[in-house]
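Survey of secondary and tertiary structure
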Amino acid sequence: MASIHDQTSRSVAASSELLSPGNGFKVGKANALPLLCQENGKDPLSDVLQRIKLTGAVFHLVDATYPWGVEVPPARKYASIILPSAQHVVSYHIILKGSGWAIVPGMAAMRFEAGDILVLARGEPYSLLSSPEQEPEYDTEATIAFFQEWTAGRLPFVTCEGGGGEGGAEYLCGFLGCDRRPFKPVVSALPPLLRVRQTAGNDLLERLLELTLSKAHLPRAGDEAVRLRLCELIFLEVLRLCMETLPVWATGWLSGLRDPQIGKILSLLHERPAEAWNLQELASQAGMSRSAFSARFTHLVGYPPMQYLTTWRMQLAADLLADGSSKVAAVGREVGFSSESAFSRAFKKAFGVSPAQWRCHANPQA
């Protein structure tokens, strides 16, 4: 499946083309609402990404010639091979040249081309093909075998595949390992397949890609840490691009974060999660009536405001319990519960186990 390719760097083609609504949640540049992702000193996107707890990153470059195709199994079947310490793997593909088709079961085939970024955050199986009707050149078993060879260091950074004809594609494959504790709004808000179109003038992403490709053939000490940081920065920039280019009809956590009124409330909830918020106070902060605020928040974010607050508090509590040695009552107070019993009931309702059981499972040495 692999052979050496002598090209080490290529810029990403940029475009401001608007992508119309459709399957796979395509996004475009036009019609972006005013961006408000920071209020009162708290940036919810950074807050959530820090709590995803990235545990590793790998990437490689594919040079495919027509006809080509690869079938990738669910992430749970290869996560332990490419990122053994990761509970979950997010994959993304940045199309540098050419075009092809992405297929996720249950969704319409999606065409991609140079400048597109495909994000598969939920770990669904998928195929990348030169045409939607063809059988993949590499099925799931061959793909897993490739991952085993690749992570063992027996394959080069750039791999070649396909039949040798014209009309292929070149793309960077990134795999980001992360913690999979309950309620990660960035991951849960994304569809199984997200296609983002890089916009003109996004110099940061282009430079990150050029740096990644130019350093690929120069192994040095600390490469693992460098890969993680580069992959993390690329993924963060993809999310920022996604948020900034969402069409007005889109919903989800990123849409809520971008909305001026709802984004302000999300920032407040992340800044002061332990405060005794109620629906009236949140609506007042948003400058809206209770009914209008509740409807808009629920429509964009996918949760009613108070349910989002409770769920976010439980996420914070789960992280605190797993990562520290604070007593259960102290963790409860930190996320807004005045009594240990009330906190324990809410936590068990959310996760199905008590705080103490969660801690033992998440951190056996605690």
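Structural notes, computed from the coordinates.

About the cut-offs
- Residues numbered from 1 in each chain as written.
- Predicted model: local features only at pLDDT ≥ 70, side-chain atom pairs only at ≥ 80, totals over all residues.
- Heavy atoms only, no water.
- Helix = DSSP H or I, 4+ residues; strand = E, 2+ residues; numbered from the N terminus.
- Buried < 20%, exposed > 50% of the residue type's maximum accessible area, 1.4 Å probe, protein only.
- Contact = heavy atoms within 4.5 Å.
- Polar contact = N/O pair within 3.5 Å; in protein donor to acceptor, adjacent residues only side chain to side chain.
- Phe/Tyr/Trp six-rings, centres within 6.5 Å; stacked < 30°, edge-to-face > 60°.

Quick word on the side chain of Ser131
With respect to the helices and strands, Ser131 occurs in the loop between strand 6 (126-129) and helix 3 (140-151). Take Ser131: its relative accessible area is 18%, and that puts it in the buried class.

Overview of the environment of Glu137
Inspection of the secondary structure puts Glu137 in the loop between strand 6 and helix 3. Put simply, Glu137 and Gly162 are 25 residues apart on the chain and 7.3 Å apart in space, counted from C-alpha to C-alpha. The residues touching Glu137, leaving out its near neighbours within four places in the chain, are Pro67, Trp68, Gly69, Glu161 and Gly162. Within polar-contact distance, the side chain of Glu137 engages the side chain of Tyr138 at 3.4 Å.

Topic: the packing of aromatic side chains
For the structure shown, the criterion picks out 18 aromatic pairs. Between Phe147 and Trp150, the ring centres sit 6.1 Å apart and the planes meet at 45 degrees, which makes this aromatic pair tilted. Taken together, the positions of Phe147 and Trp150, both in helix 3 and three residues apart, correspond to about one turn of that helix. Taken individually, Phe147 and Trp150 each receive the classification buried, so the pair is uniform in this respect. Members of the aromatic cluster, each reached through a chain of ring pairs, are Tyr78, Phe146, Phe147, Trp150 and Phe175.

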